[in-house]
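Per-entry structural report
So the chains spell out like this:
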Amino acid sequence: KYKMSNVIRKTVGVITLSAYSLFIGCEDSSIEPITFKLNAGLPKDENGYYHMNLNNGSEQTLHRISGKVLRNGRPVNVIKFSWLSDTYWIMGDWQVPIVNSSSYSNADGEVNTMVAAVVSMKGDTATIYYGYHDNWTYEDTFGDFKIIFN
């Protein structure tokens, strides 16, 4: 007579229950798209432009731009964001972008990038572009916003 060990018996039981739950327990297989809510942390004018005051007496002013990534009102972790701007500054022979090029959302759904404007940009308007890919729905989302440097 052949006897299965308790470990094998329990393993087979767990696999069987898991497979059964997977097929029977699914009520709705639709996946809602991700939503992104920008929090620039800057005042916004009636035209939708954000305003960032540059620090007097300092060559560079740093500011953090944040946002929340949600699906069905819940935070989404590890979504890669790409950031780009039409504005940059020159240091020697290098073009220096004013935003970090990428970041990831955390467990709270928060995503951040830094804006680094210099004094010579006073009065300029920068367009910040962002984009992300939803690995569940295979959708790409792109957006932009404008910042006036005061």
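Residues numbered from 1 in each chain as written. Predicted model: local features only at pLDDT ≥ 70, side-chain atom pairs only at ≥ 80, totals over all residues. Heavy atoms only, no water.

**Topic: the side chain of Asp-45**
So the rule is basically this: Runs of H or I in DSSP of at least four residues are treated as helices and runs of E of at least two as strands, each being numbered from the N terminus. Partly exposed describes any residue whose relative accessible area lies between the buried limit of under 20% and the exposed limit of over 50%, with all areas from a 1.4 Å probe on protein chains only and scaled to the type maximum. Positive charge is attributed to Lys and Arg, negative charge to Asp and Glu, and no charge count is given to His or to the chain ends. Just to be clear on terms, a salt bridge is a Lys or Arg side-chain nitrogen sitting within 4 Å of an Asp or Glu carboxyl oxygen. Under this definition, polar contacts are N or O atom pairs within 3.5 Å; protein pairs additionally need one hydrogen-donor-capable and one acceptor-capable atom, and for neighbouring residues in sequence, both atoms have to be side-chain atoms. Only heavy atoms matter for contacts: two residues are in contact if any of them lie within 4.5 Å across the pair.
Secondary-structure assignment places Asp-45 in the loop between strand S1 (35–39) and strand S2 (50–52). For the buried Asp-45, which has no salt bridge, the nearest side chain bearing the opposite charge is Lys-44, at an N-O separation of 8.1 Å. At a separation of 2.8 Å, a polar atom in the side chain of Asp-45 contacts the main-chain amide nitrogen of Asn-47. Those residues in contact with Asp-45, other than ones at most four positions away along the chain, are His-51 and Ile-148.

**Comments concerning the pairing of strand S10 (residues 125–134)**
Note the cut-off: Strand pairing follows a simple DSSP-based rule, namely that at least 2 bridges must link the two strands.
Most of S10 sits inside the fold, with seven of its 10 residues counted as buried. As paired elements, S10 and strand S11 (residues 139–149) share 10 bridges and run antiparallel to each other. For Asp-134, the partnering residue across the bridge sits in S11 and is Glu-139.

**Observations concerning the pattern of salt bridges**
Taken as a whole and assessed by the stated rule, the structure comprises one salt bridge. Arg-71 serves as the salt-bridge partner of Asp-134, at 2.9 Å between the closest nitrogen and oxygen. In this pair, Asp-134 sits in strand S10 while Arg-71 sits in strand S3 (residues 60–71), placing the two residues 63 residues apart along the sequence. There is no split in this pair, since Asp-134 and Arg-71 are both buried.

**Examining the pairing of strand S7 (residues 94–97)**
Looking at chain direction, strand S6 (residues 88–91) and S7 are connected through four bridges and run antiparallel. Across the sheet, Trp-89 pairs through a bridge with Val-96, a residue of S7. Linking S6 back to S7 in an antiparallel pair, the connection comprises two residues, with Gly-92 at a positive phi of about 65°.

**Comments concerning the nonpolar core**
We apply this condition: Note on terminology: a nonpolar core comprises buried Ala, Val, Leu, Ile, Met, Phe, Trp, Tyr and Cys residues joined through side-chain atoms within 4.5 Å.
Ranked by internal contacts, the top residues of the largest apolar core, which has 29 residues, are Phe-81, Trp-83, Ile-98, Ile-147 and Phe-149. Among the secondary structure elements, those contributing two or more residues to this core are S2, S3, strand S5 (80–85), strand S9 (110–118), S10 and S11. For Ile-98, the residues in contact, after removing those within four places along its chain, are Ser-85, Thr-87, Tyr-88, Trp-89, Met-114, Val-115, Ala-116, Met-121, Ala-126, Ile-128 and Phe-149.

**Observations concerning the side chain of Thr-87**
Mapping Thr-87 onto the fold places it in the loop between S5 and S6. Classification of Thr-87 as buried rests on a relative accessible area of 12%. Reaching out from Thr-87, the side chain makes a polar contact with the side chain of Asp-86 at a distance of 3.0 Å. Apart from the residues lying within four places of it in its own chain, the contact partners of Thr-87 are Ile-98, Met-121, Thr-125 and Ala-126.

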